[in-house]
Amino acid sequence: SAVISQKPSRDICQRGTSLTIQCQVDSQVTMMFWYRQQPGQSLTLIATANQGSEATYESGFVIDKFPISRPNLTFSTLTVSNMSPEDSSIYLCSVGKGDYGYTFGSGTRLTVV
Amino acid sequence: DAKTTQPTSMDCAEGRAANLPCNHSTISGNEYVYWYRQIHSQGPQYIIHGLKNNETNEMASLIITEDRKSSTLILPHATLRDTAVYYCIVRSRSGGSNYKLTFGKGTLLTVNP
């Protein structure tokens, strides 16, 4: 399975600012997935990032709020823009390899004050 | 994706088998059953998956009923480290590793000493 490095592991940010989260994979993958996990909740898919094209966003998530970059097959970033306290969550990236298990990063714990 | 139903929580004594049920009555013929778990403050971890045959690996066994409408994840000798939220997810075979996972609420398994 792939190994994912996600940075930062946690951050405390002021409302109105933006944070960019990085996800680095040790092998090439076609799709990368970004999830949000609000406190005490399950994971919700934000978007799917394909190299060389626009990300595909799930209902309730928009590009202006969560812009995603996918410059190559091993790297992606998610930006949380114009943050409010409601954005306080854990953000996770994920990749799949073949038909087997998907690997998740360790997550970025974001607190907006 | 077919939806899944899991109990909200379960308890298990350390050293005993933990049997976690999942209903997926609307599963279609081309959908896999995946199990993941999330230990507190970590990213989800792949456990096992199957299509219609029972599966076993070093972590667990997966028993899928003949009609495929339900399954059971078995941890044969639960330890305190197995305390986690366990997610049962149904995912289409098409698209391979490019296909997104949709998480439900999962089952909080608490292993007691």
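Residues numbered from 1 in each chain as written. Chains lettered and ligands numbered in written order. Predicted model: local features only at pLDDT ≥ 70, side-chain atom pairs only at ≥ 80, totals over all residues. Heavy atoms only, no water.

**A short note on the overall build of chain A**
Next up, step 1: Summing up its helical and strand segments, chain A has zero helices and eleven strands in all.
Next up, step 2: Ordering the α and β elements of chain A from the N terminus gives β-β-β-β-β-β-β-β-β-β-β.
Next up, step 3: Against the compact-globule benchmark of 13 Å for 113 residues, chain A has a radius of gyration of 13 Å, which places it among compact chains.
Next up, step 4: Projected onto its principal axes, the C-alpha coordinates of chain A cover approximately 40 × 25 × 20 Å.
Next up, step 5: Expressed as a percentage of the 113 residues in chain A, the buried residues total 50%.
Next up, step 6: Restricting to contacts in chain A with at least 6 residues of sequence separation, those with at least 24 account for 52%.
Next up, step 7: Total accessible area on chain A is roughly 5,300 Å²; 48% of this is exposed by carbon and sulfur atoms.
Next up, step 8: Treating the 8 positive side-chain charges of chain A as one cloud and the 8 negative ones as another, the clouds have centres 8 Å apart. (Helix = DSSP H or I, 4+ residues; strand = E, 2+ residues; numbered from the N terminus. Rg over C-alpha atoms; globule rule 2.2 N^0.38 Å. Buried < 20%, exposed > 50% of the residue type's maximum accessible area, 1.4 Å probe, protein only. Contact = heavy atoms within 4.5 Å. Areas by Shrake-Rupley, 256 points an atom, 1.4 Å probe, with all protein chains shown as cover. Lys, Arg positive; Asp, Glu negative; His and termini not counted. Charge placed at Lys NZ, Arg CZ, Asp CG, Glu CD.)

**Points about the state of the cysteines**
Residue and element names in this part refer to chain B.
Next up, step 1: Enumeration over the complete set of coordinates arrives at two disulfides over all chains.
Next up, step 2: The disulfide that involves Cys 22 links it to Cys 88, with 2.1 Å between the sulfurs. Looking down the S-S bond of the Cys 22 and Cys 88 bridge, the torsion is -80°, so its handedness is left-handed. Residue Cys 22 is found in strand β2 (residues 18-23), and its partner Cys 88 is found in strand β8 (residues 84-92); the two are separated by 66 residues along the sequence. Like Cys 88, Cys 22 is buried. (Disulfide = S-S within 2.5 Å.)

**As for the interface of chain B and chain A**
Next up, step 1: Facing 21 residues of chain B, the contacting portion of chain A comprises 21 residues.
Next up, step 2: Buried area between chain B and chain A, summed over both chains or domains, comes out near 1,700 Å², and the portion from carbon and sulfur atoms is 50%.
Next up, step 3: Viewed at the interface, chain A and chain B are joined by one salt bridge.
Next up, step 4: Between Glu 58 of chain A and Lys 100 of chain B there is a salt bridge, with the nearest N and O atoms lying 3.1 Å from each other.
Next up, step 5: Counting every contact that joins chain B to chain A gives six residue pairs in polar contact (both at pLDDT 80 or more).
Next up, step 6: Among the secondary structure elements, those contributing two or more residues to the side of chain B that touches chain A are β3 (31-38), β4 (45-50) and β8 of chain B.
Next up, step 7: Take the side of chain B that touches chain A: its biggest share by element is four residues, from β3 of chain B.
Next up, step 8: Along the lines of polarity and charge, the residues of the side of chain B that touches chain A split into nine nonpolar, eight polar and four charged. (Buried area = accessible area lost by both parts, 1.4 Å probe. Salt bridge = Lys/Arg side-chain N within 4 Å of Asp/Glu carboxyl O. Polar contact = N/O pair within 3.5 Å; in protein donor to acceptor, adjacent residues only side chain to side chain. Nonpolar A, V, L, I, M, F, W, Y, C, P; charged D, E, K, R; others polar.)

**With respect to the confidence of the model for chain A**
It should be kept in mind that the predicted coordinates are not to be read in detail where pLDDT is low.
Next up, step 1: Averaged over every residue, the pLDDT of chain A is 93; residues scoring 70 or more account for 96%.
Next up, step 2: Looking across chain A, the model is least confident in strand β10 (residues 102-104) of chain A, with a mean pLDDT of 90, and most confident in strand β2 (residues 10-13) of chain A, with 98. (pLDDT = per-residue confidence, 0-100.)

**Section: the nonpolar core**
Next up, step 1: Core analysis: the biggest nonpolar cluster contains 25 residues, and Trp 34, Ile 46, Leu 78, Tyr 91 and Leu 110 of chain A have the highest contact counts within it.
Next up, step 2: Looking at this core, the elements that each hand over two or more residues are β3 (19-25), β4 (31-37), β5 (43-50), β8 (75-80), β9 (89-96) and β11 (108-112) of chain A.
Next up, step 3: Excluding residues within four positions of it along the chain, Tyr 91 of chain A makes contact with Gln 6, Ile 21, Tyr 35, Arg 36, Ile 46, Phe 66, Leu 78, Val 80, Gly 107, Thr 108 and Leu 110 of chain A.
Next up, step 4: Ranked by size, the runner-up nonpolar core spans 21 residues in total, among them Cys 12, Ala 18, Leu 20 and Ile 47 of chain B. (Core = buried A, V, L, I, M, F, W, Y, C linked by side-chain atoms within 4.5 Å.)

**Some thoughts on the pairing of β2 of chain B**
Residues and elements named next belong to chain B.
Next up, step 1: The two faces of β2 differ: Ala 18, Leu 20 and Cys 22 on one face are buried, but Asn 19, Pro 21 and Asn 23 on the other face are not.
Next up, step 2: Bridge count between β2 and strand β7 (residues 70-75): six bridges; the pairing is antiparallel. Counted as the bridge partner of Leu 20 is Leu 73 from β7. (Pairing = 2+ DSSP bridges.)

**Section: the sheet that holds strand β9 (residues 107-112) of chain B**
Residue and element names in this part refer to chain B.
Next up, step 1: Spatially, the five strands line up as an open sheet ordered β1-β9-β8-β3-β4, and their pairing is mixed. The open sheet terminates on both sides in strands that have one partner only, identified here as β1 (9-13) and β4. Put simply, the sheet's adjacent strands are angled 25° from each other on average, direction ignored.
Next up, step 2: When β3 meets β4, the two strands line up antiparallel, connected through five bridges. Across the sheet, the residue bridging to Tyr 36 is Tyr 46, located in β4. (Axes fitted to C-alpha atoms, helices over the stretch in contact; angles between N-to-C directions.)

**Observations concerning the sheet that holds strand β5 (residues 55-56) of chain B**
Backbone hydrogen bonds hold the strands of a sheet together, and the pairing may be parallel or antiparallel.
Next up, step 1: Strand order in the open sheet formed by four strands is β2-β7-β6-β5 (chain B), with antiparallel pairing between adjacent strands. Bordering the open sheet on either side are β2 and β5 of chain B, each of which pairs with just one other strand.

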